[in-house]
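An overview of the molecular structure
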Amino acid sequence: MALKVISALDKQTRLFWIMTGSGLLCLVGVTDYLTGFEVSFSLFYLIPIALVTWFTTYKLGMVFAVASAIVWLIADIVSGAVYSHQIIYLWNSVVRLGFFALTVFSFELIKSLEREKTFARMDYVTGTLNTRYFHALAQREIDRSSRYRYPFTIAYIDVDNFKMVNDSFGHVTGDKVLYAVADCMQRHLRKTDIVARVGGDEFAILLPEVELNLAKAVISKMRRMLIEEMQKNNWPVTFSMGVLSFTDAPSSVHEMLNMVDKLMYSVKNRGKDNITFASYPGRQGLAAE
């Protein structure tokens, strides 16, 4: 159902940009005709081409490149442009088409590079950040906290019984569980909070400028939402969470993750399905309800 909704939205977005590009191309063509062939409008023809290429597809961008070359040729002819040989019309059109096609190719290359950059940072199953990029952002937050004395909180979450889900329902269902967990967490956190998948069934959440008391409220509510989501889908999954709030920044991401990982495993060793809160520096092991 979700895929159908996304597909419908993609089609609507594509149609919008096709119509917008067509309208702009017509406007540029008419303006080119009204101002006469002596005034160059080459730059303005690039606007609809660039928009359609960026927001739709490479093929549609090429279609608009060809259409723009044709519209420019028609504008030249009807505005009275006269050349010594008829073949010059064709030559100019081919050169313009090459110029437009090069623009389409350039925009598509930029899009591809942006996609590769995004994929290099994302976990393909959940859509959250991957471990590598999470480490980079976490180190940035540690440096910021060390400089400005801001608190921050890190939560380490293990999906209990995930292996049983894979064994009983299959890996496709397992991927659905992981996606649902990630989606639920992201929906119930701020845009500035960082969610990453850091292991097969483990997630890390970084909450900038969040101290212990606020972290208790935020993470406890999020855990309730997660449990409700799992129960709604009849998935036998619970969550073991370690939550550590820092008022003094740790020396490294590795140290930070080791500390919060121990908190999470203390929950698993006590029977899973709970949270342990703590602060650093301070008294460790503040048990949650």
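Below, the discussion takes up the overall build of the protein. When its secondary structure is counted, the protein shows nine helices and six strands. Overall size of the protein, expressed as C-alpha extent along the three principal axes, is 90 × 50 × 25 Å. In the protein, 30 side chains carry a positive charge and 27 a negative one; their mean positions are 2 Å apart.

Another point: the pattern of salt bridges. On inspection of all chains with the given rule, the structure shows 14 salt bridges. Between lysine 111 and glutamate 108 there is a salt bridge, with its nearest N and O atoms 3.8 Å apart. Taken together, the residues span about one helical turn, with lysine 111 and glutamate 108 both in helix H4 (residues 87-121) at a distance of three residues. Of the two residues examined, lysine 111 and glutamate 108, each falls in the buried class. Taking the shortest distance from any N to any O, the salt bridge between aspartate 123 and arginine 197 comes out at 3.2 Å. Taken together, the residues span a long stretch of sequence, with aspartate 123 in the loop between H4 and helix H5 (131-148) and arginine 197 in strand E2 (residues 194-197) at a distance of 74 residues. Exposure remark for aspartate 123: the relative accessible area of 11% places this residue in the buried category. Here the salt bridges do not stand alone but share partners, grouping Asp183, Arg187, Glu229 and Lys232 into one network.

On to a nonpolar patch on the surface. A grouping of Val30, Tyr33, Leu34, Val66, Ile70, Ile74, Ile77 and Val78 is seen on the molecular surface, where their side chains present a nonpolar patch of about 740 Å² in accessible area. Mapped onto the nonpolar patch, the elements with two or more residues apiece are helix H1 (2-35) and helix H3 (58-78). For the nonpolar patch, the leading source of residues is H3, giving five residues. Counting through the fold element by element, leucine 34 comes out in helix H1. Classification of leucine 34 by relative accessible area gives exposed; the value is 63%.

Before going further, it helps to spend a moment on helix H9 (residues 253-269). Between the first and last C-alpha of H9 there are 24 Å, a value that for 17 residues agrees with the 24 Å anticipated at 1.5 Å per step. Those residues of H9 that fall on the buried side of the exposure criterion are Val253, Met256, Leu257, Met259, Val260, Leu263, Met264 and Val267. The arc that holds the buried residues of H9, viewed along the axis, is 160°, so those residues lie on one side. Opposite the packed face of H9, turned more than 90 degrees from it, sit the exposed residues His254, Lys262 and Asn269. Taken together, the buried residues of H9 touch H5, strand E1 (152-160), strand E3 (202-208), strand E4 (238-246) and strand E5 (274-280).

Each neighbour pair has its own omega, and for tyrosine 280 with proline 281 the value is -5°, a cis peptide bond. Looking at the secondary structure, you find proline 281 in the loop between E5 and strand E6 (286-287). In this structure, arginine 149 is a non-glycine residue whose phi angle is positive, near 65°. Structurally, arginine 149 can be placed in the loop between H5 and E1. In this model, aspartate 273 sits at a positive phi of 55°, which is unusual for a non-glycine residue. With respect to the helices and strands, aspartate 273 occurs in the loop between H9 and E5. Relative accessible area serves as the criterion here: at 33%, aspartate 273 is assigned to the partly exposed category.

Residue position: phenylalanine 119 is located in helix H4. In this structure the C-alpha to C-alpha distance between phenylalanine 119 and leucine 129, which are ten residues apart in sequence, comes to 9.3 Å.

Counted under the stated rule, the structure contains ten aromatic pairs. Taking 4.1 Å as the distance between ring centres and 5° as the angle between the ring planes, the aromatic pair formed by tryptophan 17 and phenylalanine 55 counts as stacked. A residue pair is termed long-range when its members are at least 10 positions apart, and tryptophan 17 in helix H1 and phenylalanine 55 in helix H2 (residues 42-55) qualify at 38 residues. Linked through ring pairs, Tyr45, Trp72, Phe99 and Phe100 together constitute an aromatic cluster.

Bringing the confidence of the model for the protein into the picture now. Across the protein, the average pLDDT comes to 87, with 94% of residues at 70 or higher. Taken together, the stretch residues 1-6 has pLDDT below 50 and engages in zero contacts with residues farther than four places along the chain or on a different chain.

Its boundaries defined by the atoms lining it, the second largest pocket holds a volume of some 160 Å³. In this structure, the second largest pocket is lined by Met122, Gly127, Thr128, Leu129, Gln186, Leu189, Arg190, Lys191, Asp193, Ile194 and Val195. Taken together, the residues of the lining of the second largest pocket sort by class into five nonpolar, three polar and three charged.

Here the focus is the pairing of E4. The buried fraction of E4 is high, at eight of nine residues. With seven bridges connecting them, E4 and E5 associate as parallel partners. Considered in E5, the bridge of leucine 244 is made with alanine 278. Crossover handedness for the path E4 to H9 to E5: left-handed.

What counts, and where the lines are drawn
Residues numbered from 1 in each chain as written. Predicted model: local features only at pLDDT ≥ 70, side-chain atom pairs only at ≥ 80, totals over all residues. Heavy atoms only, no water. Helix = DSSP H or I, 4+ residues; strand = E, 2+ residues; numbered from the N terminus. Lys, Arg positive; Asp, Glu negative; His and termini not counted. Charge placed at Lys NZ, Arg CZ, Asp CG, Glu CD. Salt bridge = Lys/Arg side-chain N within 4 Å of Asp/Glu carboxyl O. Buried < 20%, exposed > 50% of the residue type's maximum accessible area, 1.4 Å probe, protein only. Patch = residues over 30% accessible without salt bridge, like charges linked within 9 Å, V, L, I, M, F, W, Y side chains within 5 Å. Areas by Shrake-Rupley, 256 points an atom, 1.4 Å probe, with all protein chains shown as cover. Expected span 1.5 Å × (residues − 1). Arc of directions from axis to C-beta. Contact = heavy atoms within 4.5 Å. Phe/Tyr/Trp six-rings, centres within 6.5 Å; stacked < 30°, edge-to-face > 60°. pLDDT = per-residue confidence, 0-100. 1 Å grid on protein atoms, 1.4 Å probe; cavity = no way out; pocket = protein on both sides within 12 Å on 5 of 7 lines; lining within 4 Å. Points joined across faces, edges and corners; volume = space filled by probe spheres on them. Nonpolar A, V, L, I, M, F, W, Y, C, P; charged D, E, K, R; others polar. Pairing = 2+ DSSP bridges. Right-handed = clockwise from strand over helix to strand, strands pointing away.

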